[in-house]
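Single-letter residue listing:
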Amino acid sequence: MTKTKTKSCQLRTQISSQFEEMHQFLKKREEQIKNELQEKEEKALKKMRGNLETMELILSERKEKEVMMKSAQDIPDSEGFLHWWNDMGLSEVKALKDRDMPPPERHGEATTEDATKERPYKSRVDDLKVTPVSFSLGPYESHLQFFVWKEMLQVIKPLPERLTLQTLSQKLTISNDRRSVFCTPGNAESAFLTHSARHQSQQSKLVSKSKFSTGQHCWEIEVGSGAFWELGVKKISARFLFGLLGSRTMCLRYRNQKYTIHGTVTEKLITFSDTPRKIALYLNCATKELSFYNADDMSIIYTLVCNWKDVSAYFNIGECDGVDSDPLAVCWY
């Protein structure tokens, strides 16, 4: 009872610590994205305020001139109008003509009257551009959760296991990074071999160089729409080269459009509502459990008891009904 309570307390502390790390990351990214939005808003508003101040200044000046011009219309006698014209009107009209007249080099010897007819008036707000009221945060506007999730993968510890794959089969090709495997065209092994023949055959089978006897290990495999595949662990026998022969396996198998779990004494048919594109394997050597997950939503598929020590990750692909399998890719981020 004491050990159980102690272990539970340790796990509770560990869970709180890891969630706190994620909370801090998300809070930091939230503040960063909000600050980016604030900067964009202030930059846009600064331009708008500048345009608004210019327009308000011009409007104020125009209103003053409008009041002045209307006052001239209210002068009752011609003598009073002439006095107004000499004192104020003439200078205002000349100022407008001088400002709005086109540059002389464009009109050569053109008279002031001709030039004025070509361009009698230019608005003082012609050079003001409308600042767009909409601005974007790029992918954070429409796909924020997806992009932040991708960023969050960089701080998650531990990372999924980085497996290095190996095989003796000439019918398999492993990628240069040792993460992906696919059947060589025209050489795929038939998936209709008997269980005994497949057990003795080394074709289309591969294991990881890494061997696990302690700790907790996790990896994801992208299965795509492969016709036949097996994913699991293999108990290595020292009597055979690389342990590729004479070994036992625990796996999730896909063949003939059916999913089955295979353990030492277990064979069980599994059904899915949606076809999984990625399968996650979790090996806990301490609790002696091998669990399979649908990595698309991390829902549990099945858990096997694994009492073996010194096991390697195991994969197998081939053809089914003449259809070659898609490559298997070990995923990490």
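Conventions and cut-offs
Residues numbered from 1 in each chain as written. Predicted model: local features only at pLDDT ≥ 70, side-chain atom pairs only at ≥ 80, totals over all residues. Heavy atoms only, no water. Helix = DSSP H or I, 4+ residues; strand = E, 2+ residues; numbered from the N terminus. Expected span 1.5 Å × (residues − 1). Buried < 20%, exposed > 50% of the residue type's maximum accessible area, 1.4 Å probe, protein only. Pairing = 2+ DSSP bridges. Axes fitted to C-alpha atoms, helices over the stretch in contact; angles between N-to-C directions. Contact = heavy atoms within 4.5 Å.

The chain is annotated in an unreviewed UniProt entry as Nuclear factor 7, brain from Salmo salar.

Q: Could you clarify how one ought to interpret helix α1 (residues 2–73) in this entry?
A: An α-helix turns once every 3.6 residues. As a result, residues three or four positions apart point the same way. Across its 72 residues, α1 extends 102 Å between first and last C-alpha, which sits within 8% of the 106 Å expected from 1.5 Å per residue. Among all positions of α1, only Phe25, Arg29, Ile33, Ala44, Asn51, Ile58, Met68 and Ala72 are buried.

Q: Help me understand the sheet that holds strand β2 (residues 172–174), please; the structure alone is not making it clear to me.
A: Within a sheet, each strand pairs with its neighbour through backbone hydrogen bonds, oriented either parallel or antiparallel. One open sheet holds the seven strands; their spatial order is β2-β3-β14-β5-β10-β11-β12, and the pairing between them is antiparallel. The sheet terminates laterally at β2 and β12 (299–305), the two strands that pair on one side only. Strand after strand, the sheet turns through a mean of 20° between neighbouring axes, direction not considered. Here three bridges tie β2 to strand β3 (residues 180–183), and the two strands are oriented antiparallel to one another. Counterpart to Ile174 in the pairing with β3 is Val181.

Q: Honestly, the environment of Trp85 in this entry has me stumped. Any pointers?
A: Inspection of the secondary structure puts Trp85 in helix α2 (residues 78–100). Judged by relative accessible area, which is 30%, Trp85 ranks as partly exposed. Separated by 13 residues in the primary sequence, Trp85 and Ala72 place their C-alpha atoms 8.4 Å from one another. If sequence neighbours within four positions are ignored, Trp85 has contacts with Leu90 and Val93.

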